[in-house]
Amino acid sequence: MRIEIDKKKCTGCGECKEACPKGAKIWNVKDKAMATNLRFCHLCTICASKCPEQAILVVRDDNKPPE
Ligand code: SF4
Ligand code: SF4
């Protein structure tokens, strides 16, 4: 999985870090937000739903077609 942040939309408000249950581990917000240490992420998508700019996209990679 990965978390994409639209740097053009992100204002650095820090809502994502506040809202994320693992915010202190995952989110690094200065001018723009960055999500790191994604092994702590449990794909709850709270960050994406709380972002006032809709700048966050949580992408799951587990929807590959069956072989
Ligand atoms: S909540 Fe959205 S706009 Fe605010 S810092 Fe996080 S990604 Fe950026
Ligand atoms: S999906 Fe949930 S655990 Fe993962 S970064 Fe967003 S709020 Fe945090």
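Structure's up top.
Everything quoted here is computed from the prediction, not taken from an experiment.

Draft legend 1. Representation of the site of ligand 2. Close contacts around ligand 2 come from Ile3, Cys20, Pro21, Ile26, Trp27, Cys41, His42, Leu43, Cys44, Thr45, Ile46 and Cys47, and that covers them all. Residue composition of the shell around ligand 2, by class: 10 nonpolar, two polar and no charged.

Draft legend 2. Molecular detail of the site of ligand 1. Around ligand 1, the structure places Cys10, Thr11, Gly12, Cys13, Gly14, Glu15, Cys16, Ala33, Cys51, Pro52, Glu53 and Ile56. For the shell around ligand 1, the residue count by class is seven nonpolar, three polar and two charged.

Draft legend 3. Summary view of the environment of Cys13. Relative to the assigned elements, Cys13 resides in the loop between strand S1 (2-5) and helix H1 (15-19). On the basis of relative accessible area, Cys13 is assigned to the partly exposed category, the value being 47%. Between the C-alpha atoms of Cys13 and Thr36, which are 23 residues apart in sequence, the distance is 17 Å.

Draft legend 4. Region of the structure containing the nonpolar core. With 14 residues, the main nonpolar core has Ile3, Ile5, Cys16, Trp27, Cys47 and Ile56 as its most contacted residues. Listed by contribution, the elements that provide at least two residues to this core are S1 and strand S4 (56-59).

Draft legend 5. Looking closely at the pairing of S1. Burial of the side chains of S1 is restricted to one face: Ile3 and Ile5 are buried, whereas none of Arg2 and Glu4 on the reverse face is. Bridge count between S1 and S4: four bridges; the pairing is antiparallel. When the bridges of S4 are listed, Glu4 appears paired with Leu57.

Draft legend 6. Region of the structure containing unusual backbone geometry. The residue Asn37 is not glycine, and still its phi comes out positive at about 50 degrees. Residue Thr45 is not a glycine yet carries a positive backbone phi of 65 degrees. Secondary-structure assignment places Thr45 in the loop between strand S3 (33-35) and helix H3 (46-50). The partly exposed category is assigned to Thr45, whose relative accessible area is 37%.

About the criteria used
Sequence order as written defines the numbering, with residues in each chain counted from 1. Lettering of chains starts at A and numbering of ligands starts at 1, both following the order in which they are written. The predicted nature of this model means local features are confined to residues of pLDDT at least 70 and side-chain atom pairs, given and counted, to a pLDDT of 80 or more, with totals for whole chains, interfaces and linings taken over all residues. Note that the side-chain values use all heavy atoms of the structure and ignore hydrogens as well as water. Near is defined per residue: the residue qualifies when any heavy atom it owns lies within 4 Å of the molecule or strand. For this classification, the nonpolar set comprises Ala, Val, Leu, Ile, Met, Phe, Trp, Tyr, Cys and Pro, the charged set comprises Asp, Glu, Lys and Arg, and every other residue, Gly included, is treated as polar. Where helices and strands are cited, they refer to DSSP runs of H or I of at least four residues and of E of at least two residues respectively, numbered from the N terminus. Relative accessibility under 20% of the residue-type maximum defines a buried residue, over 50% an exposed one, and the middle range a partly exposed one, all with a 1.4 Å probe and only protein chains included. The set of buried Ala, Val, Leu, Ile, Met, Phe, Trp, Tyr and Cys residues whose side-chain atoms join them within 4.5 Å is what this entry labels a nonpolar core. Only when DSSP finds a minimum of two bridges between them are two strands counted as paired.

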